[in-house]
Amino acid sequence: MSILKVSRMGHPVLRQRTALIQPDEIGTASTQRLIDDMFDTMNDYAGIGLAAPQVYQDRRLFVAGVDDPDSTMQPVVMINPEIEVIDEGEEEDWEGCLSIPDIRGKVPRAKNIRVRFLDRYGNSQQFTASGFPARVIQHETDHLNGVLFVDRMKSFESLTFLEEYGRYWDSGSGSDG
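Residues numbered from 1 in each chain as written. Predicted model: local features only at pLDDT ≥ 70, side-chain atom pairs only at ≥ 80, totals over all residues. Heavy atoms only, no water.

Engineer: Help me understand the packing of aromatic side chains, please; the structure alone is not making it clear to me.
Structural biologist: Enumeration over the complete set of coordinates arrives at 3 aromatic pairs. Here the aromatic rings of Phe-117 and Phe-127 are separated by 5.7 Å at their centres, their planes lie at 85°, and the arrangement is edge-to-face. Taken as a pair, Phe-117 in strand β6 (residues 112–118) and Phe-127 in strand β7 (residues 124–130) lie far apart in primary sequence, 10 residues in all. Each member of the aromatic cluster is reached from another via a ring pair, and the members are Trp-94, Tyr-165 and Trp-169. Here the basic side chain of Arg-104 rests over the ring of Tyr-165, its NZ or CZ set 5.8 Å away from the ring centre. (Phe/Tyr/Trp six-rings, centres within 6.5 Å; stacked < 30°, edge-to-face > 60°. Helix = DSSP H or I, 4+ residues; strand = E, 2+ residues; numbered from the N terminus. Lys NZ or Arg CZ within 6 Å of the ring centre and 35° of its normal.)

Engineer: Help me understand the sheet that holds β7 in this model?
Structural biologist: Whenever strands of a sheet pair, they do so through backbone hydrogen bonds, lying parallel or antiparallel. Overall, antiparallel pairing links the 5 strands, which are arranged β1-β2-β3-β6-β7 in an open sheet. The strands lining the two open edges of the sheet, one partner per strand, are β1 (49–51) and β7. Sheet twist, expressed as the mean angle between neighbouring strand axes with direction ignored, is 40°. Both strand β2 (residues 61–64) and strand β3 (residues 76–85) contribute to a ladder of 4 bridges, which runs antiparallel. Following the sheet pairing, Phe-62 is matched in β3 by Met-78. Contacts from helix α3 (residues 131–144) reach β1, β2, β3, β6 and β7, with the element oriented near 125° to β7. (Pairing = 2+ DSSP bridges. Axes fitted to C-alpha atoms, helices over the stretch in contact; angles between N-to-C directions. Contact = heavy atoms within 4.5 Å.)

Right under this line is the structure:
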C-alpha cells in the first residue's frame, strides 16, 4: 500500500467532472490497488473521505468512513455514485477538506439522501443515509463533479482556519474529505 499525494485547491484536477468507471475496470489490479491506497491515504491524513480527483485520478470513485464499530460512517467504496435527495430538508453544518487544509466552513446539505453505486467488487448497491453520513457522501460526490465545499457555502462568514475553528466554533461535528 502507498500513501498518495493529495491535490490542493487550485489544481485543475479538482475542477473537472470525472470519468465513469466501466464495470470491467473495477476488478483490475490497478483499480483495487488505487482503492487500498486511497484508504491508506485517507487514514494517514486523518480524513473521513477521499475522492479520486484528490489523488490526481480522473475516475468516478471515492472511499469514506472510519474503521470503528461505533462510527456512524463505516468504511465504504463508492464507484459511479448517483445521489437522490429524499426530501427537501436541508441542514447547515461544518465541513473541511483534505484538499483545502486547515480550513472549515458551514455548508448546507440535504439531510436525507438515497445513493446508488457500484461497490469495490462491481456489485450494484443502494442505501439511504441521513445526517453525517449523508453529508460525507454528498461532499465526496461533489469532488467527482468538480465542486468544492466552498462553492456550496451560502456565506463566507463562517470560513475559518482550523485553529480558530477549534478555539471559537468547534461543537464536535464536521467532516474532512
